[in-house]
Amino acid sequence: MKNRYSLIVLVASLGVMSCQEKVPADVVGTMDATVKDSVIVYEEYMGEEPTTPEGTEFYEPKVPVVKPGFIGKAPSDAIVLFDGTSLDNWISTNDSTAAKWHLNKDGSMTVNDKTGNIQTKQNFGDMQLHIEWKSPLPVQRENQNRANSGVFLNGIYEVQILDQNDNPTYVNGQVASIYKQHVPLAMASVPTGDWNTYDIIYHAPEFNKDGGKIKSGDITVIHNGVLVQDHVEIKGTTPYVGWPKNPAHGKGPLMLQDHGDDSGVSFRNIWIREL
Ligand code: MG
C-alpha cells in the first residue's frame, strides 16, 4: 500500500507541475501514458474508439515459442547452470579455481564445508532463475546454523536458504527472506530432507555514470509454488552486519553460499532465462 500511495502522490505532483506532461515509463508503467489533470491516460486508447473486434487486435511483436521444462527439466531457451553431470559452469569465489563442492551420483551437488562459496563463470543481469535445494537429515544445530546457505543474485543480494522447520529465527533472516531486508510472506518449506524449489525473478538496479543508483532492482520469489517475495525493492547489499550498501555494478555471477558450519545443503536443477 505504501508504494501505491507513493505512486499516487508522485503522479498527483507531476499533474500539478504540468496539466499534461509525458512522464517516465517506470512511473506509469507504459511508454504511451501521459498524466493529465493528475490522472493517468493512455495515448494508445485516445482518439476514435474501434467498433470492431479486429480494431483492438495486433500480431506484432511475435512471441517466441518456448518448450516448457516440466518434471525438473529446464525450458528449451534456458541456460542450464547445473544438470547434475559436472561443476564445469562454477568456480570457487575465493580464488576462481574449480568449484570444490561435492558432485553426487543422484544428480545433485552438496556444499563442501569451509571450501567457500561457489559462483557461475558467466555473469547475468535481469533473469528468471530456477533452483532446487535440500536441507540434510539428520537435523543438526538450530537457528541460523541449521542448514544455512543462500542464493546471491548478482553475487551480492541474498535470498536466504535455511532449514526453517521447527527452527525459529529472526524473521528477516528466515528461509526465503531477502536477507535482513524483506520478511517472506509465508514459510513454505517442505519437510527437511525433501527438495525445495525457488523460482526467482530478478531485475537489477541501475546506476548513473557517477555510480549513483537511479533505479532500484527488485526480486520476486516463489517457494514451492507459493509467492513469498512479491516484487520487493532491493535496498542494497544484504550484509550480516550493518546497513545495505549500493555499489554500482553491471552484470554479476550467481553465487551459492558455504556458510562454513557444515550446512550439508544440496542443490540440483539450476537454470536461468535471461530477461
Ligand atoms: Mg545464508
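Let me sum up the structure you'll find in this document. What you see is a predicted model; the values in this text were computed from it and never measured. Just so you know, the residues in each chain are numbered from 1, in the order the chain's sequence is written. With the structure being a predicted model, the display of local features is reserved for residues of pLDDT at least 70 and the display and counting of side-chain atom pairs for 80 or more, all residues being used for whole-chain, interface and lining totals.

Focus: the overall build of the chain
Okay, step 1: Scanning the chain from terminus to terminus reveals 2 helices and 18 strands.
Okay, step 2: The 275 residues of the chain split such that 29% are buried.
Okay, step 3: Contacts spanning at least 24 positions in sequence make up 57% of the contacts within the chain whose residues lie at least 6 apart. Runs of H or I in DSSP of at least four residues are treated as helices and runs of E of at least two as strands, each being numbered from the N terminus. With C-beta atoms placed from the backbone, the exposure class of a residue follows from how many other C-beta atoms lie within 10 Å of its own: 20 or more, buried; 12 or fewer, exposed; in between, partly exposed. Contact between residues is assigned whenever the C-beta positions, reconstructed from backbone atoms, fall within 7 Å.

Re the environment of A147
Okay, step 1: By the secondary structure assignment, A147 is in the loop between β9 (127-134) and β10 (149-153).
Okay, step 2: For the pair A147 and G264, spaced 117 residues apart in sequence, the C-alpha to C-alpha distance is 6.3 Å.
Okay, step 3: With near-sequence residues (within four places) excluded, A147 lies in contact with S135, P136, L162, D163, S263, G264 and V265.

Let's talk about unusual backbone geometry
Okay, step 1: Along the chain, E60 connects to P61 via a cis peptide bond; the corresponding omega equals 0°.
Okay, step 2: Mapped onto the elements, P61 comes out in the loop between β3 (39-42) and β4 (79-82).
Okay, step 3: Following L137, the chain continues to P138 via a peptide bond in cis, the omega torsion being -5°.
Okay, step 4: Within the secondary structure, P138 is located in the loop between β9 and β10.
Okay, step 5: Phi is positive for N143, which is not a glycine, with a value near 55°.
Okay, step 6: Take N143: it is sitting in the loop between β9 and β10.
Okay, step 7: What makes N143 exposed here is the crowd of 12 C-beta atoms within 10 Å.

Section: the sheet that holds β10
Paired through their backbone hydrogen bonds, the strands of a sheet run either parallel or antiparallel.
Okay, step 1: Pairing between strands requires that DSSP locate at least two bridges from one strand to the other. Read across the sheet, 5 strands follow the order β5-β8-β17-β10-β11 without closing on themselves; strand pairing throughout is antiparallel. Here the strands that pair on one side only, and so sit at the sheet edges, are β5 (90-92) and β11 (157-161).
Okay, step 2: With 2 bridges connecting them, strand β8 (residues 118-120) and strand β17 (residues 255-256) associate as antiparallel partners. Within β17, the position partnered with Q119 by the bridge is M255.

Quick notes on the nonpolar core
Okay, step 1: Any nonpolar core is a set of buried residues, restricted to Ala, Val, Leu, Ile, Met, Phe, Trp, Tyr and Cys, that join up through C-beta atoms within 7 Å. Among the nonpolar cores identified, the biggest contains 42 residues, and V151, L153, V159 and I219 are the most heavily contacted of them.
Okay, step 2: If near-sequence neighbours (up to four positions away) are discounted, V159 is found in contact with G150, V151, L153, A176, I178, Y198, I200, I219 and V221.

With respect to the pairing of β10
Okay, step 1: Across the 5 residues of β10, 5 count as buried, placing the element largely inside the fold.
Okay, step 2: Of the two faces of β10, the one carrying S149, V151 and L153 and the one carrying G150 and F152 are both buried.
Okay, step 3: Pairing analysis gives 5 bridges linking β10 to β11, with the strands arranged antiparallel. Following the sheet pairing, V151 is matched in β11 by V159.
Okay, step 4: If you look at the hairpin formed by β10 and β11, you'll find 3 residues sitting between the two strands, and N154 has a positive phi there, around 60°.
Okay, step 5: In this sheet, β17 lies alongside β10 in antiparallel orientation, the contact comprising 2 bridges. Bridge pairing links F152 to M255 in β17.

A closer look at the pairing of β11
Okay, step 1: The buried fraction of β11 is high, at 5 of 5 residues.
Okay, step 2: By the alternation rule, side chains of β11 split into Y157, V159 and I161 and E158 and Q160, which are all buried.

Here we look at the environment of T220
Okay, step 1: Relative to the helices and strands, T220 resides in strand β15 (residues 218-223).
Okay, step 2: When the C-alpha positions of T220 and D199 are compared, they lie 8.2 Å apart, and in sequence the two are 21 residues distant.
Okay, step 3: In this view, T220 contacts I200, I201, Q229, D230 and H231; residues no more than four positions away in its chain are not counted.

Things to note about the environment of A176
Okay, step 1: Mapped onto the fold, A176 is located in the loop between β11 and β12 (195-203).
Okay, step 2: Here the alpha-carbon distance between A176 and V228, two residues 52 residues apart in the chain, equals 7.0 Å.
Okay, step 3: Setting aside residues no more than four positions away along its own chain, A176 makes contact with V159, Q160, P184, V221, H223, V228 and Q229.

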